[in-house]
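Here are the chains, one letter per residue:
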Amino acid sequence: GQTMLTKIIVSTISNNMDNIGGGRLNYYQGFHDVASVIFVNMPHEPELACSILQRIAQSHLRDTMMEDFSYVSALLEIVFYPLLQVIDLKLHDYLILRELGP
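Novice: Explain the pattern of salt bridges here, please?
Specialist: A full pass over the atoms with the stated rule returns one salt bridge. Note that Arg62 is salt-bridged to Asp63, the shortest N-O span being 3.6 Å.

Novice: Just checking my understanding: could you explain the nonpolar core for this structure?
Specialist: Across soluble globular proteins, nonpolar side chains show a tendency to be buried alongside one another. Ranked by internal contacts, the top residues of the largest apolar core, which has 17 residues, are Ile8, Ile9, Phe31, Leu53 and Met65. Those residues in contact with Phe31 that sit more than four places away from it in its chain are Ile9, Thr12, Ile13, Leu53, Ala57, Leu61 and Met65.

Novice: For this particular structure, what's the right way to read the environment of Tyr94?
Specialist: For Tyr94, the location among the structural elements is in helix H5 (residues 89-97). A residue is classified by how much of its surface remains accessible, and Tyr94, at 44% relative accessible area, is partly exposed. The sequence separation of Tyr94 and Val40 amounts to 54 residues, and the corresponding C-alpha distance is 37 Å.

Novice: I would appreciate a short explanation of helix H2 (residues 31-41) in the present structure.
Specialist: Along H2, the residues classified as buried are Phe31, Ala35, Ser36, Ile38 and Phe39. Along its buried surface, H2 packs onto helix H1 (2-14) and helix H3 (46-58).

Novice: Sorry, what's going on with the packing of aromatic side chains here?
Specialist: The final tally for this structure, using the stated rule, is four aromatic pairs. Taking the centre distance of 6.2 Å and the plane angle of 90° together, the rings of Tyr27 and Phe31 count as edge-to-face. Seen from their ring centres, Tyr28 and Phe31 are 6.2 Å apart, and the 50° between their planes marks the pair as tilted. Both residues of the pair, Tyr28 and Phe31, count as buried. Connected via pairs of aromatic rings, a cluster forms that spans Tyr27, Tyr28, Phe31 and Phe69.

Novice: Mind showing me how you'd approach the packing of H2 against H3 here?
Specialist: Remark: H2 packs on H3, axes separated minimally by 10 Å, with the N-to-C direction vectors making an angle of 140°. In terms of their interaxial angle, H2 and H3 are classed as oblique. Every pair of crossing elements has a handedness; the one defined by H2 and H3 is right-handed. Residues Phe31, Val34, Ala35 and Ile38 of H2 form the contact with H3, whose own contacting residues are Ala49, Ile52, Leu53, Ile56 and Ala57. Among the residues forming the contact of H2 with H3, the class breakdown is nine nonpolar, no polar and no charged.

Novice: What is the right way to look at the side chain of His92 in this model?
Specialist: Structurally, His92 can be placed in helix H5. Excluding its chain neighbours within four sequence positions, the residues that come into contact with His92 are Tyr81, Leu84 and Gln85.

Reading guide: rules and limits
- Counting of residues starts from 1 at the beginning of each chain's written sequence and follows it residue by residue.
- It should be noted that, the model being predicted, local features are given only for residues of pLDDT at least 70 and side-chain atom pairs only at 80 or more, the latter also being counted only at that level, while totals for whole chains, interfaces and linings use all residues.
- The side-chain figures draw on all heavy atoms in the structure; neither hydrogens nor water molecules are used.
- For this document, the term salt bridge refers to a Lys or Arg side-chain nitrogen within 4 Å of an Asp or Glu carboxyl oxygen.
- Grouping buried Ala, Val, Leu, Ile, Met, Phe, Trp, Tyr and Cys residues that are joined through side-chain atoms within 4.5 Å yields what is termed a nonpolar core.
- Only protein chains enter the accessibility calculation, which uses a 1.4 Å probe. A residue is then buried if its area is under 20% of the maximum for its type, exposed if over 50%, and partly exposed in between.
- Note on definitions: a residue-residue contact is assigned when non-hydrogen atoms from the two residues lie within 4.5 Å.
- Strands here mean DSSP runs of E at least two residues long; helices mean DSSP runs of H or I at least four residues long; both are numbered from the N terminus.
- Only the six-membered ring of Trp is used, alongside the rings of Phe and Tyr, when aromatic pairs are assigned; centres must lie within 6.5 Å, and planes under 30 degrees apart are stacked while those over 60 apart are edge-to-face, with the rest tilted.
- Every angle, taken between N-to-C directions, lies between 0 and 180 degrees, and every axis is a line fitted to C-alpha atoms, over only the stretch in contact when it is a helix.
- If an angle is under 35 degrees, it is roughly parallel; if it is over 145, roughly antiparallel; if it lies from 65 to 115, roughly perpendicular; otherwise it is oblique.
- Here is the rule for handedness: rotate from the far helix to the near one, and if that takes an anticlockwise turn smaller than a right angle the crossing is left-handed, while a clockwise turn gives right-handed.
- Residues were grouped as follows: Ala, Val, Leu, Ile, Met, Phe, Trp, Tyr, Cys and Pro as nonpolar; Asp, Glu, Lys and Arg as charged; and all remaining residues, including Gly, as polar.

Okay, structure coming up:
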């Protein structure tokens, strides 16, 4: 189980080392959790699990899998925190007060 999961993760990352146009994908801690959910649902189809994980990594998780989180941080600062300020001022102010904001 764990060995196959590791192989799927390594295969997904290494298949994207020279991803032309989309940039190279890098591992981040939460990627293991995503891979685990896929693998648990198809333990006898590792090739399909790898293909699905690769597609998700290249689309939905692409921004979090860049070399650093600067792009995601910029999005949070530009989009998330101003939106949160409008939707839930109390939570927004709490995050800023605790220095968890931009």
